Amino acid sequence: MVSSQLFSKPKTYLITGGAGFIGSHISETLIQQGYRVLVIDNLSTGSLANISHLLDHPNFHFAYASIADDVVLDRLMSEADVAIHLAAAVGVKLIVEQPVHTIETNVMGMESVLQAAIRYRVKTVIASTSEVYGKGNKVPFTEDDDVVLGPTCRSRWSYAATKMVDEFLALAYYHEKGLPVVIARLFNTVGPRQTGQYGMVIPRFVQQALKGENLSVYGDGKQSRCFLHVSDAVKALLKLAECNEAIGEVFNVGSTEEISIVELARKVITLTRQKNKESQSDIDFVPYGQAYAPGFEDMQRRVPDNTKIQQYVNWQPTKILEEILHDVLVSFTDSEHLVPQK
Ligand code: UDP
């Protein structure tokens, strides 16, 4: 690819939220592959540290701005061949604590990105979430399953509802205006650079274990999740971005290796003890009402059916949970990445 582009401008990707956890990994991969990368990020949950190693690269351009800044967004979009929209309010803790910010950022942000993309007809890949399946109890979830959400008085569901509106809006731009869009529903994605500040369980457990604190398991810990390594998520998003048949479609992107949260906590404790025999962490069970808000509802299980993405772009996860936990542990033992939890 690089040799054929020696005399022409490399393909340009616009990454909204490119200084965030997933966005910074995508940006890094694209730069390594010889692409030009434009990032727009207001550093609200992302951080400059995530992209500091890219800032001097001639193919990398960082705009410190919100996607609500139409002028900056328009200019970047005018130069892009493909946009990957990751800028969003994420993390259950953040959503419960700041529902206005979540709803406005996710809905208005998506609208701004689609309005800019349609002006230049830029193919747009939208990062959605398995949260849109709500509290449905089907195992596994397929893309056209019905959605079951809790009532509007439970703010947790506002995140799922905003991401559903985003999906509806993107598909409406495709059907009504012909904008090429692809929707990826990411299931619990983890790896280096993810912070525990906004509620994500693996960075929280690993940081607690490294500090010798007890790991806080919410509820009875029997709820389970499937954790996907961020490098696998990046591969999926980039394959979808390159696939014309994927346009106008929705895809699950997740691991199918399921583990209960209490079992996950035990695994993190064991792994940390292998590195530090002095580690004394145990498990604390914390009621949901105390961890989040009174009446908080959690999902018991969340498993993706990856048949569709496998058929379209031949993608499947490659990294097992053991490797994910190892990578996260290593990233946190590098003290630069030890971000304090609230
Ligand atoms: N969880 C936990 N302790 C924590 C953070 C999360 O037990 O410190 C639980 C949470 O209640 C959920 C699971 O871990 O059942 C995954 O939470 P996360 O916020 O990572 O992702 P979610 O699946 O809720 O989007």
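Everything here concerns the structure above.
Caption draft 1: Layout of helix H1 (residues 21-32). In this model, H1 (12 residues) spans 17 Å end to end at C-alpha, consistent with the 16 Å of a helix rising 1.5 Å per residue. Summarising burial for H1: 11 of the 12 residues are buried, a large majority. Positive phi shows up at Gly 34, right after H1, with a value of about 95°.

Caption draft 2: Layout of the packing of helix H5 (residues 99-120) against helix H6 (residues 156-177). Running from N to C, H5 and H6 cross one another at 15°; their axes reach a closest spacing of 9 Å. By the angle between their directions, the pair H5 and H6 is classed as roughly parallel. Where H5 crosses over H6, the two elements pack in a sense that is right-handed. Between H5, through Thr 102, Ile 103, Asn 106, Val 107, Met 110, Glu 111, Leu 114, Gln 115 and Ile 118, and H6, the contact on the second element is made entirely by Ser 158, Tyr 159, Thr 162, Lys 163, Val 165, Asp 166, Leu 169, Ala 170, Tyr 173 and Lys 177.

Caption draft 3: Seen up close, helix H8 (residues 230-242). The end-to-end C-alpha distance of H8, which contains 13 residues, comes to 19 Å, matching closely the 18 Å that a straight helix rising 1.5 Å per residue would cover. Buried within H8 we find Val 230, Asp 232, Ala 233, Val 234, Ala 236, Leu 237, Leu 238, Leu 240 and Ala 241.

Caption draft 4: Representation of the environment of Lys 239 within the structure. Looking at the secondary structure, you find Lys 239 in helix H8. Each C-alpha atom of the pair Lys 239 and Phe 332 lies 29 Å from the other, and the pair is 93 residues apart in sequence. Apart from the residues lying within four places of it in its own chain, the contact partners of Lys 239 are Val 313, Asn 314 and Trp 315.

Caption draft 5: Examining the sheet that holds strand S11 (residues 250-253) more closely. Strands sit in the order S3-S2-S1-S4-S5-S6-S11 across an open sheet of 7 strands; the sheet is parallel. Two strands close off the open sheet at either side, each with one partner strand: strand S3 (60-64) and S11. Averaged over all neighbouring strand pairs, the angle between strand axes comes to 20°, with direction disregarded. Bridge count between strand S2 (residues 36-41) and S3: 5 bridges; the pairing is parallel. From the neighbouring strand, Ile 40 faces S3, where its bridge partner is Ala 63. Each of strand S1 (12-16), strand S4 (82-85), strand S5 (123-129), strand S6 (181-186) and S11 touches H8; the most contacted strand, S5, lies at about 145° to it.

Caption draft 6: Structural view of the side chain of Ser 27. Inspection of the secondary structure assignment puts Ser 27 in helix H1. Leave out the neighbours within four places in its chain, and Ser 27 touches Ile 15, Gly 18, Val 37, Val 39, Leu 54 and Phe 60.

Caption draft 7: Expanded view of unusual backbone geometry. Omega for the peptide link from Val 139 to Pro 140 comes to -10°, which places this bond in the cis form. Its location among the elements puts Pro 140 in the loop between S5 and H6. At Arg 121, a position not held by glycine, the phi torsion is positive, near 50°. For Arg 121, a relative accessible area of 47% puts it in the partly exposed group.

Caption draft 8: Representation of the site of the ligand in the model. In the neighbourhood of the ligand, 19 residues make up the surrounding shell, with Val 201, Ser 216, Tyr 218, Arg 225 and Asp 298 lying closest. The separation between an oxygen atom of the ligand and a polar main-chain atom of Gly 199 is 3.2 Å. Contact distances for the ligand include 2.8 Å between a nitrogen atom and a backbone N or O atom of Ser 216. Calculation on the ligand without its partners gives an accessible area of 520 Å², and the protein chains cover 95% of this total. Of all the secondary structure elements, the ones that give two or more residues to the shell around the ligand are helix H7 (201-210) and strand S8 (215-218). Looking at side-chain class alone, the shell around the ligand contains 9 nonpolar, 4 polar and 6 charged residues.

Caption draft 9: Focus on the side chain of His 229. For His 229, the location among the structural elements is in strand S10 (residues 228-229). Taking relative accessible area as the criterion, His 229 reaches 4% and is therefore assigned buried. Reaching out from His 229, the side chain makes a polar contact with the side chain of Ser 231 at a distance of 2.9 Å. Setting aside residues up to four positions removed in sequence, His 229 forms contacts with Val 190, Pro 192, Lys 319, Ile 324 and Asp 327.

Caption draft 10: How the structure looks around the packing of aromatic side chains. Overall, the coordinates contain 7 aromatic pairs when judged by the stated rule. Centroid distance Tyr 218 to Tyr 292: 5.2 Å. Interplanar angle 80°. Geometry classified as edge-to-face. Taken together, the positions of Tyr 218 in strand S8 and Tyr 292 in the loop between helix H10 (288-291) and helix H11 (307-313) put the pair 74 residues apart, joining distant regions of the chain. Accessibility expressed as a relative area gives 14% for Tyr 218, which makes it buried.

Caption draft 11: Molecular detail of the packing of H7 against helix H12 (residues 321-333). Running from amino to carboxyl end, H7 crosses H12 at an angle of 55°, the nearest separation of the two axes being 10 Å. Classed by the angle they form, the pair H7 and H12 counts as oblique. In the packing of H7 onto H12, the handedness of the crossing is right-handed. Contacts from Ile 202, Pro 203, Val 206, Gln 207 and Leu 210 in H7 reach Leu 321, Leu 325, Val 328, Leu 329, Phe 332 and Thr 333 in H12.

Rules behind the numbers
Residues numbered from 1 in each chain as written. Predicted model: local features only at pLDDT ≥ 70, side-chain atom pairs only at ≥ 80, totals over all residues. Heavy atoms only, no water. Helix = DSSP H or I, 4+ residues; strand = E, 2+ residues; numbered from the N terminus. Expected span 1.5 Å × (residues − 1). Buried < 20%, exposed > 50% of the residue type's maximum accessible area, 1.4 Å probe, protein only. Axes fitted to C-alpha atoms, helices over the stretch in contact; angles between N-to-C directions. Parallel < 35°, antiparallel > 145°, perpendicular 65-115°, else oblique. Left-handed = near helix turned anticlockwise from the far one by under 90°. Contact = heavy atoms within 4.5 Å. Pairing = 2+ DSSP bridges. Near = heavy atom within 4 Å. Polar contact = N/O pair within 3.5 Å; in protein donor to acceptor, adjacent residues only side chain to side chain. Areas by Shrake-Rupley, 256 points an atom, 1.4 Å probe, with all protein chains shown as cover. Nonpolar A, V, L, I, M, F, W, Y, C, P; charged D, E, K, R; others polar. Phe/Tyr/Trp six-rings, centres within 6.5 Å; stacked < 30°, edge-to-face > 60°.

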